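Listed below, chain by chain, are the residues.
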Amino acid sequence: MKIVVKFGGSSLADAGQFKKVADIIHANPDRRYVVPSAPGKRFDGDRKVTDLLYDCYAAEQDPERLSTCLEAVRARYDEIIRDLGLDLSLDQEFETIRTNLEEGADKDYCASRGEYLNGIVLAAYLGYEFIDSARVIRFDDAGNFDGDKTNIILSRCLEDIDRAVIPGFYGATDSGVITTFSRGGSDITGSIVARAVCADLYENWTDVPGFLVADPRIIDDPQIIHTLTYKELRELSYMGASVLHEDAIFPVRSEGIPIQIRNTNNPQDEGTMIVESTSRRPQYIITGIAGKKGFASILVEKDMMNEEIGFCRKVLQVFEDNGLSIEHMPSGVDTMTVFVNQEKFQEKEQRVISGIHRMVHPDLLELESGLALLAIVGRGMRDTRGVAGRAFKALASKNINIKMIDQGSSELNIVIGVKEKYFEEAIRVLYKEFVQNPEDGQED
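Participant: Mind showing me how you'd approach the side chain of R31 here?
Facilitator: With respect to the secondary-structure elements, R31 resides in strand β2 (residues 31-36). What makes R31 buried here is its relative accessible area of 7%. Of note is the side chain of R31, whose polar atom sits 2.6 Å from the backbone oxygen of I24. A polar side-chain atom of R31 sits 2.7 Å from a polar atom in the side chain of E203.

What follows is the structure, encoded as structure tokens:
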């Protein structure tokens, strides 16, 4: 059996956390490939190593300031190495980093050094082989991840290596230019490694007990989701749930490899298992609730719109021409409403308005800002009647006006739009309705 394990920054913040990680890895000999993040915060008010490295990048043209910033990074690693009792020096690595920064290394290179250095330290502590991700994770010259090429290179590299540490977050182009994923991208690296070695399981270790039904900043002590499908994860991640990077599912999904979210500080807990599909009945009708603020809506109304061929295409063409993506688009017989990211839209709103007028000559065009979108997600909703009705009734009981409703044909989620001022209250209302008072609806 092969298990790939990824540990987040909080799991590797200091020597004490390193020891916990080593205990977890040694507890199961099947945990053979390890993907580390850069050291995270050790306490409230502390800073992540990645943020310290961004300071180094900002100071690369100021030798004195650069020295100060690099010393702050070096101190973190020296402390870990000393407290672990390792016979290891990173002096040469820091000299190389300094030289590259003085010669104008870019932001991606600088940010990636946190994972790179942590990988070296962790490999030395575990006695595993260190594999620089720049050797095996490929991006094209435009900065796009090349999954097929990476899979070939990484599979061949690890074919005869029984145990290895492969740093997360970064890779390189064919010419050797370091390129990073977005923040949280170590999750993606773990998924890539799991695919390459045909792993039986990808364990993602972090500082939370698993995927939660709702945001713990809004709901006190929310329930843990014990089993979650890839599709449900995708919907929840898109709407703001952030335990796992949303792009981390794609490499393992193609191979049917499950992901398990577990807590480094409570390794006995089972956490959340994320799978392609399952026959297990969910504990509640819904699996999770998530949402985001910061949306605007554009209502376009025109009599006999439904008879005008290409009407919707012409409206959407205006958004495309202005480089704006669409979040949701509920419509009626003579109306369509487009939901977009408010911040991005406001920069171009007048061009969009004039473009729509030129394209379709609407009878009415109205804008509304300060909106939030909530998603109720769950495979249990497919077989249960009345879920939407319960949601709307619960929100109405608290005088929360619904601005938009959108339900996909998969019956996996219901998206509800409300004013931002009702966002937190709406999540609390829905959580109480479906989790704290979970009387079953009627099954189809």
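Participant: In this structure, what is going on with the pairing of strand β16 (residues 413-419)? I would like to understand it.
Facilitator: Successive residues of a regular strand alternate their side chains across the two faces of the sheet. Among the 7 residues of β16, 6 are classified as buried, and the element is accordingly described as predominantly covered. As defined by bridge partners, strand β13 (residues 364-377) adjoins β16 across 7 bridges and the pair is classed as antiparallel. Within β16, the position partnered with V377 by the bridge is N413. Direction of pairing for strand β15 (residues 404-407) relative to β16: antiparallel, over a ladder of 4 bridges. Bridging across to β16, Q407 finds its partner in I414.

Participant: Just to check I follow, could you spell out the packing of helix α4 (residues 91-102) against helix α5 (residues 107-126) for this structure?
Facilitator: A packed helix pair is summarised by two numbers, namely the angle formed by the two axes and the spacing between the axes. Close contact between α4 and α5 brings their axes to 12 Å; oriented N to C, the two are set at 175°. For the element pair α4 / α5, the angle class is roughly antiparallel. Two secondary-structure elements touch here, α4 through E93, F94, T96, I97, N100 and L101 and α5 through Y109, C110, R113, Y116, L117 and I120. Broken down by class, the residue content of the contact of α4 with α5 amounts to 8 nonpolar, 2 polar and 2 charged.

Participant: What should I look at first to understand the pattern of salt bridges in this one?
Facilitator: Side chains that differ in charge, positive against negative, can pair when their charged atoms come close. Summed over all chains, the structure comprises 26 salt bridges. Residue E203 pairs with R262 through a salt bridge whose shortest N-O separation is 3.5 Å. One end of the pair, E203, is in strand β7 (residues 201-206); the other, R262, is in strand β9 (residues 259-263), with 59 residues separating them in the sequence. Just as E203 is buried, R262 falls in that class too. Where salt bridges share partners, they join R42, D46, R76 and E79 into one cluster.

Participant: Any chance you could explain the sheet that holds β16 here in plain terms?
Facilitator: Across the sheet, 5 strands lie side by side as β12-β11-β13-β16-β15; this open sheet has antiparallel pairing. Each having just a single partner strand, β12 (335-341) and β15 make up the two edges of the open sheet. Along the sheet, successive strands turn relative to each other by an average axial angle of 35°, direction set aside. Packing of helix α9 (residues 230-238) onto the sheet brings it into contact with β11 (288-301), β13 and β16, and relative to β11 it is tilted by some 65°.

Participant: Got a minute to help me understand the nonpolar core in this structure?
Facilitator: Membership of the largest hydrophobic core comes to 75 residues, with the highest contact counts inside it found for V4 and L158. Sorting elements by how many residues they give to this core places helix α15 (residues 423-436) first, with 8 residues. Other than its neighbours up to four places away in sequence, V4 contacts Y33, V35, G190, V193, A194, V197, A199, L201, Y202 and E203. Among the nonpolar cores identified, the runner-up in size contains 48 residues, and A38, L70, C110 and A172 belong to it.

Participant: Looking at this model, I keep getting lost on the packing of aromatic side chains. Mind explaining?
Facilitator: Here a ring pair, both rings aromatic, is described through the centre-centre distance and the interplanar angle of the planes. Taken as a whole and assessed by the stated rule, the structure comprises 6 aromatic pairs. Ring centres of F139 and F181 lie 5.0 Å apart, and the angle between their planes is 55°; on these two criteria the pair is classed as tilted. In this pair, F139 sits in the loop between α6 (133-136) and α7 (147-158) while F181 sits in the loop between β6 (178-180) and α8 (186-196), placing the two residues 42 residues apart along the sequence. According to the relative accessible area criterion, F139 is buried, its value standing at 4%. Relative accessible area serves as the criterion here: at 10%, F181 is assigned to the buried category. One Lys or Arg, R113, reaches over the ring of Y116 and ends 4.4 Å from the middle of that ring.

Participant: What is the right way to read the environment of G210 from this model?
Facilitator: Position of G210 among the secondary structure elements: in the loop between β7 and β8 (227-229). If sequence neighbours within four positions are ignored, G210 has contacts with I224, V243, I261, G271 and T272.

Participant: Can you help me understand the pairing of β7 in this one?
Facilitator: Taken across its 6 residues, β7 has 6 buried, putting it largely inside the fold. Of the two faces of β7, the one holding L201, E203 and W205 and the one holding Y202, N204 and T206 are both buried throughout. Relative to β9, β7 runs parallel, the two sharing 5 bridges. Looking at the pairing, E203 lines up with Q260 of β9.

Quick notes on the rules
The numbering scheme is per chain: residues are counted from 1 as the chain's sequence reads. Under the rules for a predicted model, residues below a pLDDT of 70 receive no local features and side-chain atom pairs below 80 are neither given nor counted, while totals for whole chains, interfaces and linings still include all residues. Just so you know, side-chain values use all the structure's heavy atoms and leave hydrogens and water out. Numbering goes from the N terminus for both helices and strands, where a helix is a DSSP run of H or I of at least four residues and a strand is a run of E of at least two. Classification of residues uses two cut-offs on accessible area relative to the type maximum, computed with a 1.4 Å probe and protein chains only: under 20% is buried, over 50% is exposed, and between them is partly exposed. In protein, a polar contact means a hydrogen-donor-capable atom and an acceptor-capable atom, both N or O and within 3.5 Å, with residues adjacent in sequence counting only if both atoms are side-chain atoms; elsewhere, any N or O pair within 3.5 Å suffices. Should DSSP find at least two bridges between two strands, the strands are taken to pair. The axes are straight lines fitted to the C-alpha atoms, using for helices just the contacting stretch, and the angles between their N-to-C directions are given from 0 to 180°. Angular relationships are summarised with four words: roughly parallel below 35 degrees, roughly antiparallel beyond 145, roughly perpendicular across 65 to 115, and oblique for the angles in between. Working rule for contacts: check all heavy atoms of both residues, and any pair within 4.5 Å makes them a contact. Residue polarity follows a fixed list, in which Ala, Val, Leu, Ile, Met, Phe, Trp, Tyr, Cys and Pro are nonpolar, Asp, Glu, Lys and Arg are charged, and the others, Gly among them, are polar. Whenever Lys or Arg places a side-chain nitrogen within 4 Å of a carboxyl oxygen from Asp or Glu, that contact is recorded as a salt bridge. Nonpolar cores are built from buried Ala, Val, Leu, Ile, Met, Phe, Trp, Tyr and Cys residues. Side-chain atoms within 4.5 Å join them into one set. Pairing of aromatic side chains requires ring centres within 6.5 Å, counting the rings of Phe and Tyr and the six-membered ring of Trp. Pairs whose planes differ by under 30 degrees are stacked, by over 60 edge-to-face, and all others tilted. For a ring to carry a charge above it, either NZ of a lysine or CZ of an arginine must fall within 6 Å of the ring centroid while also lying within 35 degrees of the normal to the ring plane.

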